[in-house]
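Spelled out, the chains give:
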Amino acid sequence: TTYHRPQETVAYLGRQYHDDMRGVNLMVQDYAFPYALSLADDAKKANKKIEKVTKQIAAVDREWSKFHALWYEECEKFDQAQEALKKAQWTLEKTDEKVAGLQAYLHKL
């Protein structure tokens, strides 16, 4: 067996530690850091898309609300028109009855 002096062992372990740390730093710089940046960039792009879609949904929702209000307004107008038509038909029927009554009266004369 080879005997090393404590100073040589400490120096060797120090070099070994620094070589290992340099390897870890290179791995972080070459692989982990770019990967993390890429993920952050992808997340930022996805967030922008989500914001765009959210704005589009809000715009569609506003248009739908306008359409919905207009639809109910038109339905109300239609209901009012139907009611007016029923009243007009009833008035016409009553007028027809009165005319028929008058014609019958005139024929008796």
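Cut-offs applied
Residues numbered from 1 in each chain as written. Predicted model: local features only at pLDDT ≥ 70, side-chain atom pairs only at ≥ 80, totals over all residues. Heavy atoms only, no water. Helix = DSSP H or I, 4+ residues; strand = E, 2+ residues; numbered from the N terminus. Buried < 20%, exposed > 50% of the residue type's maximum accessible area, 1.4 Å probe, protein only. Areas by Shrake-Rupley, 256 points an atom, 1.4 Å probe, with all protein chains shown as cover. Lys, Arg positive; Asp, Glu negative; His and termini not counted. Charge placed at Lys NZ, Arg CZ, Asp CG, Glu CD. Salt bridge = Lys/Arg side-chain N within 4 Å of Asp/Glu carboxyl O. Phe/Tyr/Trp six-rings, centres within 6.5 Å; stacked < 30°, edge-to-face > 60°.

K.L.:
Honestly, the overall build of the chain in this entry has me stumped. Any pointers?
P.N.:
Assigned secondary structure in the chain consists of one helix and zero strands. By principal-axis analysis of the C-alpha atoms, the chain measures approximately 150 × 25 × 15 Å. Per-residue burial for the chain yields a buried fraction of 0% across its 109 residues. Per element, the accessible surface of the chain, about 10600 Å² overall, is 63% carbon and sulfur. Each charge class in the chain can be summarised by its mean position, and for the 17 positive and 17 negative side chains these summaries are 3 Å apart.

K.L.:
Looking at this structure, I do not really get the pattern of salt bridges. What am I missing?
P.N.:
Where side chains of opposite charge bring their charged atoms close, a pairing between them can arise. Tallied over the full model, the rule gives seven salt bridges. The partner of K77 in a salt bridge is E73, with the nearest N and O atoms 3.5 Å apart. You can see K77 and its partner E73 sitting in helix α1 (residues 6–108), four residues apart, about one turn around the helix. Given a relative accessible area of 42%, K77 falls into the partly exposed group. A residue is classified by how much of its surface remains accessible, and E73, at 41% relative accessible area, is partly exposed.

K.L.:
Quick question: what am I supposed to make of the packing of aromatic side chains here?
P.N.:
Here a ring pair, both rings aromatic, is described through the centre-centre distance and the interplanar angle of the planes. With the rule as written, the count across this model stands at two aromatic pairs. Between W64 and F67, the aromatic rings sit 5.4 Å apart at their centres with planes inclined by 40°, giving tilted as the arrangement. Of this pair, W64 and F67 both sit in helix α1, separated by three residues, roughly a single helical turn. Judged by relative accessible area, which is 48%, W64 ranks as partly exposed. Exposure remark for F67: the relative accessible area of 44% places this residue in the partly exposed category.

Note that every value here comes from positions in space, so none of it alone points to a role or purpose.
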